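# Close look at the chain arrangement
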Amino acid sequence: MQRELLTIIGTAHVSEESVNEVKDAIYEQQPDVVAIELDRGRYIRLKKEMAGIEEDDTISVTQIIKENKVGLFVTTTLLGYFQSKIGADVDVKPGSEMVGAIEASEDLGIPIALIDRDIGTTLQRALNKMGFIEKAKFMYGLLASVLGFGDEEDVDIEDLKNPENLDELMEMFKDEAPSVHEVLVHERDAYLAGKIMQIPQDHVIAVVGAGHKPGIENYLNNPETLPNLRDLEVVDEKKGIPWAKIILAMIPILFVVIFFLAYFNGINITWNIYEFIVISMIMGFIGSILSGSKIQSAIVGGVVAPLTIIHPLLAAGWFSGLTEAKFRKVRQSDVKNMAHIESFRDLWNNNIFRILLVVIGTNLGVSIATLVILPSKVFIPLFMKIFGL
């Protein structure tokens, strides 16, 4: 790639003007290669959509939970919602400018270079770098926008391509979630720039989101600052001391210790064990059923609640959620339909929302039992008997 022959087109991903700009540039310049901000997975999905190929769009919620990718799935779903929502508002399908680039390139017989990092790698790296507070703020912001109780402001899509507006938007994002900003913006700027530099042909048109254009140009002008691309493809395990997990693990351990101390001190704990089991089961069942689950899911959530309280790595909500997923098949259309949600009834009829609500509701019920009811009804009285208080 020759720097002087490179054209970088910064687009808004849901802009009709961006679609026309991309197509016009390709037809006019007829470059050697068209580089597009897509990874292979998204490119294949777009190609199938263009060809009218319909696949089984069932999403395996069971697999998502088993692989511990719930956070990744929720984040991907919510981000997809935003793009779909904006696209619906301006009547432009997200990724239309990439489709336009593909169509124009294929029409002219120009090869396409895929320059984006796998979306799963990007989001997982972001989640791994986020602390608990940052995750909470980030998820609150996403949910607030989805449910419509955040600050709303009309945005001109074309204004998003203005460098001054982008700088302001990126700074706000950096302040709210610096780890996400680092991975979604700076790392991808570097990755996109590095992939562009690896293109062997001379004349290249690169189609990227407008937010990445300044960063890409900075790396291209200062290639010595470019990190090793392989390092940006590694999903590192989260480093540091997992204090939240340690604290959560200490609670059931404390419960078990109190039971054993009471037993070895000759205190009859049979009734206390019955109370523990019954309270746990009732709260798991109530939490699940109040969140709108099927009766079968609520029963499962209740049955496993006592076991999940003792085992810090298990959550009753996952079991009730897995059961609920057997009755509510989640499809890609559920993700797409989130863009058209305008009322709580629409949200209630969305299978993604309902399954996640069952998971959250069950866990909330069990958490109330663990943190409030069981200590006051079972463990504090036992503790006082042990020490004669």
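Computed from a predicted model, the values in this text were never measured in an experiment. (Residues numbered from 1 in each chain as written. Predicted model: local features only at pLDDT ≥ 70, side-chain atom pairs only at ≥ 80, totals over all residues. Heavy atoms only, no water.)

The next thing to look at is the sheet that holds strand β1 (residues 6-11). Read across the open sheet, the four strands follow the order β1-β5-β2-β4; overall the sheet is parallel. The strands lining the two open edges of the sheet, one partner per strand, are β1 and β4 (112-114). In this sheet, adjacent strand axes meet at a mean angle of 20° when their direction is disregarded. The pairing of strand β2 (residues 33-36) with strand β5 (residues 204-209) spans four bridges and is parallel. (Pairing = 2+ DSSP bridges. Helix = DSSP H or I, 4+ residues; strand = E, 2+ residues; numbered from the N terminus. Axes fitted to C-alpha atoms, helices over the stretch in contact; angles between N-to-C directions.)

We now examine helix α2 (residues 40-50). Where α2 begins, one side-chain oxygen reaches toward the backbone nitrogen of G41, 3.3 Å away; that side chain belongs to D39. Positive backbone phi, approximately 75°, marks G52, located one or two places after α2. (Polar contact = N/O pair within 3.5 Å; in protein donor to acceptor, adjacent residues only side chain to side chain.)

This paragraph deals with the packing of aromatic side chains. Following the criterion strictly, the structure yields seven aromatic pairs and no others. Here the aromatic rings of Y263 and F264 are separated by 5.6 Å at their centres, their planes lie at 75°, and the arrangement is edge-to-face. Both residues of the pair, Y263 and F264, count as exposed. On the numbers, 6.2 Å between centres and 75° between planes, the contact of F276 with F379 is edge-to-face. Placement of the pair is F276 in helix α12 (residues 270-290) and F379 in helix α17 (residues 351-386), with a sequence separation of 103 residues. (Phe/Tyr/Trp six-rings, centres within 6.5 Å; stacked < 30°, edge-to-face > 60°. Buried < 20%, exposed > 50% of the residue type's maximum accessible area, 1.4 Å probe, protein only.)

On inspection of all chains with the given rule, the structure shows nine salt bridges. Residues D116 and R42 are paired through a salt bridge, measuring 2.3 Å at the closest nitrogen-oxygen approach. Separated by 74 residues along the polypeptide, D116 in the loop between β4 and α6 (119-129) and R42 in helix α2 bring together distant segments of the chain. By relative accessible area, which is 22% here, R42 ends up partly exposed. For R125, the salt bridge goes to E187, with nearest N and O atoms at 2.8 Å. Of this pair, R125 sits in helix α6 while E187 sits in helix α9 (residues 178-197), placing them 62 residues apart in sequence. (Salt bridge = Lys/Arg side-chain N within 4 Å of Asp/Glu carboxyl O.)

Within the chain, Q30 stands out as a residue other than glycine whose phi angle is a positive 45°. Take Q30: it is sitting in the loop between α1 (16-29) and β2.

The next subject is the environment of K385. Mapped onto the secondary structure, K385 falls in helix α17. On the accessibility criterion, K385 (53% relative accessible area) is exposed. Sequence separation between K385 and N265 is 120 residues; the distance between their C-alpha atoms is 9.3 Å.

This part takes up the side chain of T121. Along the chain, T121 turns up in helix α6. Apart from residues no more than four positions distant in its own chain, T121 is found in contact with L232, E233 and V235. (Contact = heavy atoms within 4.5 Å.)

Let us now look at the packing of α2 against helix α5 (residues 96-108). Viewed as axis vectors pointing N to C, α2 and α5 meet at an angle of 75°, and their least axial separation amounts to 11 Å. It follows that α2 is roughly perpendicular to α5 by the angle criterion. Together, Y43, L46, K47 and M50 of α2 and M98, V99, I102, E103 and E106 of α5 make up the contact between the two elements. For the contact of α2 with α5, a count of residues per class yields six nonpolar, no polar and three charged. (Parallel < 35°, antiparallel > 145°, perpendicular 65-115°, else oblique. Nonpolar A, V, L, I, M, F, W, Y, C, P; charged D, E, K, R; others polar.)

Where burial is concerned, most of β5 is hidden: six out of the six residues are buried. Judged from the six bridges that link them, β1 and β5 form a sheet pairing that is parallel. Paired with L6 across the bridge in β5 is V204.

For the rest of this paragraph, the subject is the confidence of the model for the protein. On average, the protein scores 79 in pLDDT, and the residues at 70 or more come to 70%. Between residues 86-92, whose pLDDT stays under 50, and residues either more than four places distant or in other chains, the model counts 11 contacts. This stretch, residues 152-169, has a pLDDT under 50; its non-local contacts, to residues over four places away or in other chains, come to 23 contacts. (pLDDT = per-residue confidence, 0-100.)

Attention shifts here to a nonpolar patch on the surface. Taken together, I273, I277, V278, M281, I282, I286, I289, L290, I295, I299 and V303 make up a surface patch of nonpolar side chains, about 890 Å² in accessible area. At the level of elements, α12 and α13 (295-310) are the ones that each hand at least two residues to the nonpolar patch. Assignment of secondary structure puts I299 in helix α13. (Patch = residues over 30% accessible without salt bridge, like charges linked within 9 Å, V, L, I, M, F, W, Y side chains within 5 Å. Areas by Shrake-Rupley, 256 points an atom, 1.4 Å probe, with all protein chains shown as cover.)

Take the packing of α12 against α13 next. Helices that pack against each other are described as a pair by the angle of their axes relative to one another and the distance between those axes. It is at 7 Å that the axes of α12 and α13 come closest, and there the two elements cross at 140°. Classified by the angle between their axes, α12 and α13 sit oblique to one another. Crossing angle aside, the handedness with which α12 passes α13 is right-handed. Judged by residue contacts, F276, I277, S280, M281, G284, F285, S288 and I289 of α12 engage I295, S297, A298, I299, G301, G302, V303, A305, P306, I309 and I310 from α13. When its residues are assigned to classes, the contact of α12 with α13 shows 13 nonpolar, six polar and no charged. (Left-handed = near helix turned anticlockwise from the far one by under 90°.)

Over its 36 residues, α17 extends 48 Å from the first C-alpha to the last, a length consistent with the 52 Å expected when each residue adds 1.5 Å. Along α17, the sharpest change in direction is near 70° and occurs at P375. G388 sits one or two positions beyond α17 and adopts a positive phi of about 65°. (Expected span 1.5 Å × (residues − 1). Bend = angle between axes of the 7 residues up to and from the residue.)

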